[in-house]
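Fold and geometry: a report
Residues per chain, in single letters:
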There are 2 protein chains.
Amino acid sequence: MKAATVYDVAAHAGVSIATVSRVLRRPDDVRASTRQRVLASVLALGYVPSASARGLAARRTGVLGLYFSSVDDEDEQSEAIFVQDTSVEIVVDVPDSREVRPPNLYFDEVLRGSEREAWRHGFALMVGVGRDANPADMVNDIAGRVDGMAVLAGSVPDDILDHVSRRIPVVLIAGPRRGDHHDHVSVSNLEGMRALTTHLLSRHGLTDLVYVGGPADSPDDAERYQGFVEAVEAAGLDPAALPVLRGEFSRVRARGVAETMLATGRVPRALVCGNDQMALGMLDVLIPAGVRVPEDVIVTGFDGIEAGRLSRPRLTTVHQPMVELGRAAMRAMLSRIEHPDQPPITARLPVKVLLRESSEGPAHPSPARP
Amino acid sequence: MKAATVYDVAAHAGVSIATVSRVLRRPDDVRASTRQRVLASVLALGYVPSASARGLAARRTGVLGLYFSSVDDEDEQSEAIFVQDTSVEIVVDVPDSREVRPPNLYFDEVLRGSEREAWRHGFALMVGVGRDANPADMVNDIAGRVDGMAVLAGSVPDDILDHVSRRIPVVLIAGPRRGDHHDHVSVSNLEGMRALTTHLLSRHGLTDLVYVGGPADSPDDAERYQGFVEAVEAAGLDPAALPVLRGEFSRVRARGVAETMLATGRVPRALVCGNDQMALGMLDVLIPAGVRVPEDVIVTGFDGIEAGRLSRPRLTTVHQPMVELGRAAMRAMLSRIEHPDQPPITARLPVKVLLRESSEGPAHPSPARP
DNA sequence: TTGAAAGCGCTAACAC
DNA sequence: GTGTTAGCGCTTTCAA
């Protein structure tokens, strides 16, 4: 099964390879009758142009890259290919406190936006998710295949970033702006958390807040905490006096934190969490323990994931536009590709505070049965 | 900013381009001292090999493709790149019956598995999601860039599939097996639904079932319905006597169906839904209306999505291994690339019936407050 | 409107 | 162990 080439098509249609190329790239430059003939040959031979050859000749691949890192080391699955297992296991699936999988929602959403935007501009999208400590090879590999790549902030060491950006434009996604080397798209983490905290402070008159933070090296969490701090200071309180708990952005870890909190009896009036996962983890423990949310404790999150809309009570949160973040990253790259010398791009997307029952209490007389 | 090439590196290191290539591809064939020198030059020049050139010369791209189609036409977003919007909107977000977005969960999961498996075997992954009626261009484009591609069954017309498979191996994902042209990976839809239905029939002694189906052209739904039919027949009942409702795999559409059902007063003892989304849509309407699930009506789904584990009551369903489906697709492709002449691959992955409260009632005395 | 020909940057014999 | 060289399949001037 030897794949057909321009030469095959040209011979079959009785034209030169240049004409075949023209028919595919700039059809209007070719006489209609010739075009028909060539197209017919394309179909007859099952010709699909080689992107490698085209990329080499045109000096552009027509592909954009997206690189993320992830910590979800799923258990290795079977290696079998010829599975023919139509067996059906029936299990009584009782409620379980285990985290089934840390849904890599953030990635899914950013990817969705990236994919959409890339193809909309005539580019394909290549994705890579690094899971081990050494992203160098993967990032390099992608860099050689694309006309530009977007990278989750903090997922790639600076020296590697510098290396690949000598070949292609690199756009950083999320995190704080670092240096002036790359274009950068992010969301208003600080402002969002500040607005939410201010709301809790002023509307609810709280003073007894606890911040539940993510990983110490998370730039996003650092920004959110800073927003928390600014709001607290603006209210005339001392942020240093307010405890910070670490939930590592994990629902499971947050449950542990909540349990410890209950055990020690030191339960604050509000738990301001750095992401939704941790806030949900708090609810997982508090609600069954008989703690009333929000009457006894207010719980808030950050991100605006779907699960927070489905929880009981529904989760007050700060929604960040993840899909739009992916789109903005692709647009920034395309803009950079088109205008290599323009000044660095810094996009900052707006967020939205969503007040729901976990802070405000019942919105309406619920139509649900007790 | 002209990107460095092998020639630049070779000159800088004082070796031939062949040696540069060797250092990168088969380092052991080069003397250690030479290797060091070349590597140093690579770093110094910021050299990243061009995948286009390599792909051309080596006659393989090292990329695998994944193509899906989707109906989620999200509203077009802004075109702005230089967004600097740190404003924060604060909204009271009341419970809403609108479907925020049809979570394209299935795609996310299959993609996750595909991505993981491709890179694990040293291949990059290219993704494309077709949204309009004409997948030909996108599929062709991808096909020219990869060494093999996986395609969601039913998302690409046969003639296009045949066309591209003259160039590269194509693996079909999901759906029923059609012809012997391509390799195929899928899950035990029929067997899963048959097992679940049999459970409802025999353990719960039901006879009054209604099947809530997906789109008429969904091969997955067809298989599930067939499983339903076989179980019903095995129980000595006439499947033709049992109504079928159409929810189009949509949560919103299912709500409409449920409302109509309530309005007409024709409520069956069990609603067997073709996917989880529709089952959740049923719950959305039934629970607030005071219908007891499962005491009055049993509701079941199919897929095993996260939301079904978070609903009240939790949803009985048939879990299909979506991540593993993606992995299996990639493995099948790699196997085909390595052994072009082996017989067609047909993988059938097992499913698991998860019995939860929407059919079985409370599992344990719930520790939750009333 | 079409054809001829010169690369694009790399790999893989094959020679040394 | 290293260098030479012939393509890989396409795009793109430049002529005709």
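Residues numbered from 1 in each chain as written. Chains lettered and ligands numbered in written order. Predicted model: local features only at pLDDT ≥ 70, side-chain atom pairs only at ≥ 80, totals over all residues. Heavy atoms only, no water.

Under an unreviewed UniProt entry, the name given to chain A is LacI family transcriptional regulator, and the organism recorded is Cryobacterium breve.

So, the sheet that holds strand S3 (residues 124–130) of chain A
Here we have 12 strands laid out as an open sheet, ordered S12(A)-S6(A)-S5(A)-S4(A)-S1(A)-S3(A)-S3(B)-S1(B)-S4(B)-S5(B)-S6(B)-S12(B), and mixed in their pairing. Only two strands of the sheet have a single partner each, and these edge strands are strand S12 (346–349) of chain A together with strand S12 (346–349) of chain B. Mean inter-strand twist for the sheet, computed between neighbouring axes without regard to direction, equals 20 degrees. Sheet strands in contact with helix H13 (residues 322–338) of chain A are strand S1 (63–69), S3, strand S4 (148–152), strand S5 (170–173), strand S6 (183–187) and S12 of chain A, and its direction is about 165 degrees off that of S6 of chain A. (Pairing = 2+ DSSP bridges. Helix = DSSP H or I, 4+ residues; strand = E, 2+ residues; numbered from the N terminus. Axes fitted to C-alpha atoms, helices over the stretch in contact; angles between N-to-C directions. Contact = heavy atoms within 4.5 Å.)

So, the environment of Asp-221 of chain A
Residues and elements named next belong to chain A. Tracing the chain through its elements places Asp-221 in helix H9 (residues 219–234). Looking at Asp-221, the relative accessible area reads 3%, which means it is buried. When the C-alpha positions of Asp-221 and Ala-13 are compared, they lie 61 Å apart, and in sequence the two are 208 residues distant. A polar contact of 2.9 Å, which involves the side chain of Asp-221, links it to the backbone nitrogen of Gly-214. (Buried < 20%, exposed > 50% of the residue type's maximum accessible area, 1.4 Å probe, protein only. Polar contact = N/O pair within 3.5 Å; in protein donor to acceptor, adjacent residues only side chain to side chain.)

Quick look at the interface of chain B and chain A
In this complex, chain B contributes 115 residues to the contact, which on the side of chain A involves 114 residues. Buried area between chain B and chain A, both sides added, is near 10000 Å², and the carbon and sulfur share of it is 54%. Taken together, the links from chain B to chain A amount to six salt bridges. For the salt bridge of Glu-89 of chain B with Lys-352 of chain A, the shortest nitrogen-to-oxygen distance reads 3.9 Å. Linking chain B to chain A there are 36 residue pairs in polar contact (both at pLDDT 80 or more). Among the residues forming the side of chain B that touches chain A, the class breakdown is 56 nonpolar, 24 polar and 35 charged. Relative to strand S2 (residues 88–92) of chain B, strand S13 (residues 351–355) of chain A runs parallel, the two being bridged by five bridges. When the bridges of S2 of chain B are listed, Val-353 of chain A appears paired with Ile-90 of chain B. (Buried area = accessible area lost by both parts, 1.4 Å probe. Salt bridge = Lys/Arg side-chain N within 4 Å of Asp/Glu carboxyl O. Nonpolar A, V, L, I, M, F, W, Y, C, P; charged D, E, K, R; others polar.)

Here we look at the packing of aromatic side chains
A complete count under the given rule lists 10 aromatic pairs over all chains for this structure. Measuring from ring centre to ring centre gives 5.9 Å for Tyr-225 of chain A and Phe-228 of chain A, while their planes differ by 25 degrees; the resulting arrangement is stacked. Of the two residues, Tyr-225 of chain A and Phe-228 of chain A are both situated in helix H9; the distance of three residues between them amounts to about one turn of the helix. Classification of Tyr-225 of chain A as partly exposed rests on a relative accessible area of 25%. Overall, the relative accessible area of 0% leaves Phe-228 of chain A in the buried class. In this structure an aromatic cluster arises from ring pairing among Phe-68, Tyr-106 and Phe-107 of chain A. One cation-aromatic arrangement involves Arg-224 of chain B over Phe-302 of chain B; the distance from NZ or CZ to the ring centre is 4.0 Å. (Phe/Tyr/Trp six-rings, centres within 6.5 Å; stacked < 30°, edge-to-face > 60°. Lys NZ or Arg CZ within 6 Å of the ring centre and 35° of its normal.)

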